[in-house]
Every structure is written in structure tokens, then in C-alpha cells.
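Examination of the molecular architecture
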Amino acid sequence: MKYVSEYRDADMVAQYLEEIRQTVTRPWAIMEVCGGQTHSLVKNGILNMLPPEVRMIHGPGCPVCVTPLNLIDKAVYLAEEKGVILCSYGDMIRVPGSKRSLLESKARGADVRILYSPLEAVKIAQENPDREVVFFAVGFETTAPANALSVIHAQRAGVPNYSILASHVLVPPAIEAVMNDPDSSIQGFLAAGHVCTIMGIDEYYPLVDRYEIPIVVTGFEPVDLAQGILMTIRQLEKGEHQLENQYSRVVRPEGNPEAQKVIQQVFTIADREWRGIGVIPMSGYEVRPEYVAYDANIKFNVNIEKVAESDECIAGLVLKGIKKPQECPQFGRGCTPQMPLGAPMVSSEGACAAYYHFSQAMEEVSA
Amino acid sequence: MCLAIPGKIKSIEMQYGGLVRMAKVQFGGISKEASLEMLPHAKEGDYVLVHVGVAISLVDEEEAQKTFAYLEEIGELDELVPGSHL
Ligand code: SF4
């Protein structure tokens, strides 16, 4: 992994950081919900350049990290026992299940394929009419249109041997869950820019009002993050709480209506279990009854026992922002990206992996 | 996997018996297919943000080039070639 010391608009970043230093008068805790933002904050060293008053808390916004253990076990079962061609994104393949990850299943001979896009899985199904193809469809709102579209493609092209194992989560209910947690100390949020590219920003107004917190829709590049943090700090210092859009060059207030249409066509909002956090009401998508033929959960009707999480991994506390990754006793010892104990160490968007890579890079620099 | 990567639409074709509008999108040296279902007005030469094989937003050329250069610099383009980082 490469680390960047000089990036685009480095001067602007420095300027925003200076303004943050001049604006801040007391401690504030701000959560960035999106794992891509966590990754960027850590990788670019912005986290270390913020004044000590500004504490960034890393939220649960890594879809791979919050996919329930039981669903990973189901995917492993489908690949090994039902002989399906099991496809997913690279990170998802590496997350440990209760027995093993999909990557380990692949090493044992299961047909597990890493794809860039669910649309490729539909083509694989078309080319292999005698096999069942299942796409393990995880993600936030950004990824939902692609996963929904794969179902629509399969339907239009008359591909009956394609289905998705869906584990879709939504950002606004996660913000609610964080704010409703009595241990939470969050005073402001950076909302995820690419999620809002799809969904627009309207659903954040009620959250701003109800919890009286600033929310700033923010991009993922260093200059975006520095500016988003500054906008949040300005509001906090003035005692204001508003919804602002830092990422307006990409995010339109109404989002992408075509993408929303596709999501609504295939998915409906349902309660969802978040790994390490528990069930959050109305916090995810499931496949609509009209499309049950494409819902792997129903098609294969796999009921496998729920296994308790290993108690060595404190991912739940990390995902809720209550503990930092390096406060986990396993961090860098029993748990590394090569041998992850929990999902946040697998995905580059997971807080544990972000901190791990960063600490390695720091050692290289000081060595 | 949550990032959207900007690229340029090189060509457009209909697939699945004329039901699906797909584009060939150029990302630096890599070319990939992307669905234009979410951007019905996108045309050849436009710059689009592509997330897991679906174009989700139009962007201007300057923004696209800056963002692409940044992603390249920090080594975030691996996901275009799945499995390459394993
Ligand atoms: S360091 Fe590893 S064991 Fe500890 S919380 Fe993170 S993923 Fe779990």
C-alpha cells in the first residue's frame, strides 16, 4: 500500500486545517459514517494533523464489516454444499465466517469468484445455464442500484439461474442508532458523499432537527474531508445545527432519481442485523416479493444455526465509535489483515485495517 | 468497494436484445463496461462516476481527471481488476 504525503490541493488542505485550528475553542466529537472516508482520513494523515480538540470517531459505514456472520456462513454453505457459483466483491470474500471465509472455501475447491460488478455475475449465469449463480450483494445505498439492476438484467434476459444473497444497509438509520446509544458522545456527522449521490440529501433534515446535530455531506478526498470537518466545527462553535452539502460538485439535492427508481423496483426497506451492533429497525433492503425468484435466501431456503461471535473481537465497540482499533487487545497481535479475526481488519474501509496499515507505514517511516 | 471511479464514455451499445444500454468506459489504461441505466442522457465523450459497473453521476472533465489522478496516486484503482490485490 502506498502512502501519500503530497496530494492534490495540499495547500488548500493546509489552509482548511489552519482554519479549523483557529475556529476550535473546545473539544468536539465528529463521526464520519463512511468507511471510505475513514480510510482516506487515516491514509492521508489528516487525522494526525487535526488539533487535539477535534476527535474523529469512525462510524459503522463499512458494508463488509456489518454483514452478519450468519450470512457469510450461508454463502459458504451455498458454495460448498449446494455447488453454486458464488460471486462477490473482493473484500467480502475474505471476511471470516464462523468456520471459514469464502476465500478459504475457494482454496478447498468451491467455485467462488471475485467480481468487479454484479452485472458480470448475470453474464456468468447466462454462460452457465446448468449451474446456479449467486451474487453476495452487500453494500450501502451507493451499491444498491447495481445490485438491483443485476436482478432486472436477469429478468429481462430470462436468466432463471441467477439470484442474490442481499445484505443491504442504510446510512440514516445507522445515524439514528448511533445517536440513540446512551454511550454515544457524537456531536456532528460527516455524511457519505457517494451515498447522497444516489439518495439525495432530504432524508438528513429530520435527523438534524431531531438530534440537533450538524450534518455535512462530504466527499472522500483530503480537501473534501478537511473542508467538511471545518464546516461542522463552524456550526458546532456557533451552536448551530444544519444540513450542509460540502460535496455539491457531485451531490445534487435530489440525488439520482433513476437510481432510486431501480432500487424501489427490486428492494423494500426492512429490519436488518448489523454485525457487531445488532438489529436496527428499517435499516436495510430486502428483495421485494415480486422478485423472490431472484432472492437466494428464499430460493435455497438455507437455515443454518446462528453461531455466537468470537469474544476476542470487539468490532461492535469499534463500529459504534466507542473504542479505537488499537484499544483492542488483538489489534496487530492475534489480528492482522493477513489473519483477520474480525471484518474491520479485512476491508480497506474497516477502521482496524485502516489503522493497521497506517501504523505499519509509520514504522517504515521511522525505521 | 464503496468508491465511485470517474471515467470517459468511449462507446455505447445496446445489450440483452436491445433492452439494456451499456457503455465502454475508459479509466486510464483500463476499459470496463458500465450500465447507463441510471444516466439515460449520458452520451459518448461524457465523464461519469462509475460504481461497481454502474454509472451513477455525470461529472465534468476537470473533476474527473483530478479525482482519477488522486485515486491512482493512493492506489485505489485495484478494484477495477478484481483479485489483483489478494
Ligand atoms: S483489531 Fe481485529 S479483533 Fe480487534 S476489533 Fe478489530 S477486527 Fe476485531
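1. Observations regarding the packing of helix 2 (residues 35-43) of chain A against helix 13 (residues 222-238) of chain A
Residues and elements named next belong to chain A. Packing of helix 2 against helix 13 leaves a shortest axis separation of 10 Å and a crossing angle of 100°. Our classification of the angle between helix 2 and helix 13 gives roughly perpendicular. Residues Gln37, Ser40 and Leu41 of helix 2 form the contact with helix 13, whose own contacting residues are Pro222, Leu225 and Ile229. Class assignment of the residues belonging to the contact of helix 2 with helix 13 gives a composition of 4 nonpolar, 2 polar and no charged.

2. Overview of the sheet that holds strand 10 (residues 267-274) of chain A
Residue and element names in this part refer to chain A. Overall, mixed pairing links the 6 strands, which are arranged 4-3-5-6-11-10 in an open sheet. Edge positions in the open sheet fall to strand 4 (112-114) and strand 10, since each of these has one partner strand only. Averaged over neighbouring strand pairs, the angle between their axes works out to 25° when direction is ignored. Pairing between strand 3 (residues 85-88) and strand 5 (residues 133-139): 3 bridges, direction parallel. Counterpart to Cys87 in the pairing with strand 5 is Phe135. Contacts from helix 5 (residues 69-80) reach strand 3, strand 4, strand 5, strand 6 (162-169) and strand 10, with the element oriented near 165° to strand 6. Each of strand 5, strand 6, strand 10 and strand 11 (278-287) is contacted by helix 9 (residues 144-156), which is oriented at about 160° to strand 6, the strand it contacts most.

3. Things to note about the interface of chain A and chain B
Taken together, the contacts link 49 residues of chain A with 39 residues of chain B. Carbon and sulfur atoms make up 62% of the surface buried where chain A meets chain B, a total of about 3900 Å² over both sides. At the junction of chain A with chain B, the criterion picks out 4 salt bridges. Here Glu33 of chain B makes a salt bridge to Lys123 of chain A, at a shortest N to O gap of 2.8 Å. Taken together, the links from chain A to chain B amount to 12 residue pairs in polar contact (both at pLDDT 80 or more). Top element by residues in the side of chain A that touches chain B is helix 8 (residues 118-127) of chain A. It accounts for 6 residues. Residues of the side of chain A that touches chain B, tallied by class, amount to 23 nonpolar, 12 polar and 14 charged.

4. A look at the layout of surface pockets
Residues and elements named next belong to chain A. The computed volume of the second largest pocket comes to approximately 410 Å³. Lining of the second largest pocket is provided by 22 residues; of these, Arg94, Val95, Pro96, Glu104 and Pro340 occupy positions nearest its centre. In terms of residue class, the lining of the second largest pocket is made up of 10 nonpolar, 6 polar and 6 charged. Built from parts of two domains, the lining of the second largest pocket gets at least three residues from each of domain 2 (65-170 + 255-299) and domain 3 (315-360).

5. Structural notes on the site of the ligand
All names here are of chain A. Around the ligand sit Cys313, Ile314, Ala315, Cys328, Gln330, Phe331, Cys335, Leu341, Gly342, Pro344, Met345 and Cys352, and that is every residue in its neighbourhood. Its atoms largely coinciding with the cavity grid, the ligand occupies the second largest cavity. Classifying every residue of the shell around the ligand by side-chain character gives 10 nonpolar, 2 polar and no charged.

6. As for helix 1 (residues 61-73) of chain B
Residue and element names in this part refer to chain B. Between its terminal C-alpha atoms helix 1 stretches 18 Å, which fits the 18 Å expected from 13 residues at 1.5 Å a residue. Residues Glu63, Ala64, Thr67, Phe68, Tyr70 and Leu71 constitute the buried set of helix 1. Seen along its axis, helix 1 keeps its buried residues to an arc of 160°; they face one direction. Of the residues trailing helix 1, Gly75 is marked for its positive phi of about 70°.

7. Comments concerning empty space enclosed by the protein
All names here are of chain A. One pass over the full model with this rule turns up 5 cavities of 30 Å³ or more. Reported here for the second largest cavity is a volume of approximately 110 Å³. What lines the second largest cavity is a set of 14 residues, among which Cys313, Ile314, Cys328, Cys335 and Cys352 lie closest to the centre.

8. Brief notes about the state of the cysteines
Every disulfide links exactly two cysteines, by a covalent bond between their sulfur atoms. Residue and element names in this part refer to chain A. Evaluation of the coordinates by the stated rule reveals 1 disulfide over all chains. The partner cysteine of Cys62 in its disulfide is Cys65, sulfur to sulfur 2.3 Å. A torsion of 70° about the S-S bond marks the disulfide between Cys62 and Cys65 as right-handed. A relative accessible area of 2% means that Cys65 is categorised as buried.

9. So, the packing of helix 8 of chain A against helix 9 of chain A
Residues and elements named next belong to chain A. Look at helix 8 against helix 9: their axes get within 8 Å of each other, and the N-to-C directions meet at 25°. In terms of axis orientation, helix 8 runs roughly parallel to helix 9. Here helix 8 and helix 9 pass one another in a crossing that is right-handed. Side by side, helix 8 and helix 9 meet where Pro118, Leu119 and Val122 of the first sit next to Ala146, Asn147, Leu149, Ser150, His153 and Ala154 of the second.

10. Focus on the packing of aromatic side chains
Residue and element names in this part refer to chain A. Scanning all chains against the criterion turns up 6 aromatic pairs over all chains. Each ring, one from Phe140 and one from Trp274, has its centre 6.0 Å from the other, and the planes form 65°; the classification is edge-to-face. Residue Phe140 is located in the loop between strand 5 and helix 9, and its partner Trp274 is located in strand 10; the two are separated by 134 residues in the primary sequence. By relative accessible area, Phe140 is classed as buried at 3%. Take Trp274: its relative accessible area is 0%, and that puts it in the buried class.

Rules behind the numbers
Residues numbered from 1 in each chain as written. Chains lettered and ligands numbered in written order. Predicted model: local features only at pLDDT ≥ 70, side-chain atom pairs only at ≥ 80, totals over all residues. Heavy atoms only, no water. Axes fitted to C-alpha atoms, helices over the stretch in contact; angles between N-to-C directions. Helix = DSSP H or I, 4+ residues; strand = E, 2+ residues; numbered from the N terminus. Parallel < 35°, antiparallel > 145°, perpendicular 65-115°, else oblique. Contact = heavy atoms within 4.5 Å. Nonpolar A, V, L, I, M, F, W, Y, C, P; charged D, E, K, R; others polar. Pairing = 2+ DSSP bridges. Buried area = accessible area lost by both parts, 1.4 Å probe. Salt bridge = Lys/Arg side-chain N within 4 Å of Asp/Glu carboxyl O. Polar contact = N/O pair within 3.5 Å; in protein donor to acceptor, adjacent residues only side chain to side chain. 1 Å grid on protein atoms, 1.4 Å probe; cavity = no way out; pocket = protein on both sides within 12 Å on 5 of 7 lines; lining within 4 Å. Points joined across faces, edges and corners; volume = space filled by probe spheres on them. Domains from an automatic or database assignment. Near = heavy atom within 4 Å. Sits in = over half its atoms within 2 Å of the grid points. Expected span 1.5 Å × (residues − 1). Buried < 20%, exposed > 50% of the residue type's maximum accessible area, 1.4 Å probe, protein only. Arc of directions from axis to C-beta. Disulfide = S-S within 2.5 Å. Left-handed = near helix turned anticlockwise from the far one by under 90°. Phe/Tyr/Trp six-rings, centres within 6.5 Å; stacked < 30°, edge-to-face > 60°.

Fair warning: the whole summary comes from geometry, so function is off the table for now.
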